[in-house]
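Summary of the model geometry
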Amino acid sequence: MERVKIKYFTDKIDKLACIGGKSDWIDLRAAENVTLKKGDFKLISIGVAMALPEGYEAHLVPRSSTFKNFGVIQANSVGIIDNSYCGDNDVWCFPAFAVRDTEIHVNDRICQFRIVKNQPAVGFDEVVFLEGNDRGGFGSTGMS
């Protein structure tokens, strides 16, 4: 089992914990009270910093209920936190864009993350034709 060093910047949020058997994503909580008006942007402190193991990165995304509960979207869609962001003051934040007036309180679960291995080095070989199954267009359903 990999071990991750974590620093908490507040004692007002629940400690991180894996949800056994349900998901391998880990919830993160707001470490500050935030009031946003429609159209506002704010980096909301998550109240933690971590030293990820060499060769790993964290993927930070909203929880499935974040938009419904708080009316915010993650401004960068998905946050990638590499293992070089590991200093004593490298606090993680959630970049929130409000689509309606809202309030987020300390300890509200607003996003989640998982730790994944970095992509291995790859090269590209240009070809004229691909020999895979042609699905007929964009996405999984093809063109209409």
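Heads up: these notes are all about the structure in this document. (Residues numbered from 1 in each chain as written. Predicted model: local features only at pLDDT ≥ 70, side-chain atom pairs only at ≥ 80, totals over all residues. Heavy atoms only, no water.)

Scanning the entire structure with this criterion turns up one aromatic pair. Relative to Phe 113, the ring of Trp 92 has its centre 5.2 Å away and its plane inclined at 85°; by these criteria the two rings are edge-to-face. Within this pair, whereas Trp 92 is found in the loop between strand E8 (79-82) and strand E9 (93-98), its partner Phe 113 is found in strand E11 (residues 109-117), the two being separated by 21 residues in sequence. Residue Phe 113 is classed as buried on the basis of its relative accessible area of 2%. (Phe/Tyr/Trp six-rings, centres within 6.5 Å; stacked < 30°, edge-to-face > 60°. Helix = DSSP H or I, 4+ residues; strand = E, 2+ residues; numbered from the N terminus. Buried < 20%, exposed > 50% of the residue type's maximum accessible area, 1.4 Å probe, protein only.)

Attention now moves to the side chain of Asp 27. Within the secondary structure, Asp 27 sits in strand E2 (residues 26-29). Of the residues examined, Asp 27 reaches a relative accessible area of 13% and is grouped as buried. Within the structure, the side chain of Asp 27 is placed 3.1 Å from the side chain of Arg 63, a separation counted as a polar contact. Polar side-chain contacts of Asp 27 include one of 2.9 Å to the side chain of Arg 109. (Polar contact = N/O pair within 3.5 Å; in protein donor to acceptor, adjacent residues only side chain to side chain.)

Attention now goes to the state of the cysteines. Following the criterion strictly, the structure yields zero disulfides and no others. Considering cysteine sulfurs only, Cys 93 is the nearest to Cys 86, which forms no disulfide, with 16 Å between them. On the accessibility criterion, Cys 86 (39% relative accessible area) is partly exposed. Counting only cysteine sulfurs, Cys 93 is the nearest neighbor of Cys 111, a cysteine outside any disulfide, at a range of 9.7 Å. Of the residues examined, Cys 111 reaches a relative accessible area of 0% and is grouped as buried. (Disulfide = S-S within 2.5 Å.)

Moving on, we get to the side chain of Thr 102. Structurally, the position occupied by Thr 102 is in strand E10 (residues 102-104). Taking relative accessible area as the criterion, Thr 102 reaches 8% and is therefore assigned buried. Within the local environment of Thr 102, its side chain forms a polar contact with the backbone oxygen of Phe 70, the two atoms lying 2.7 Å apart. Those residues in contact with Thr 102 that lie beyond four places of it in its chain are Val 34, Thr 35, Leu 36, Phe 70 and Val 72. (Contact = heavy atoms within 4.5 Å.)

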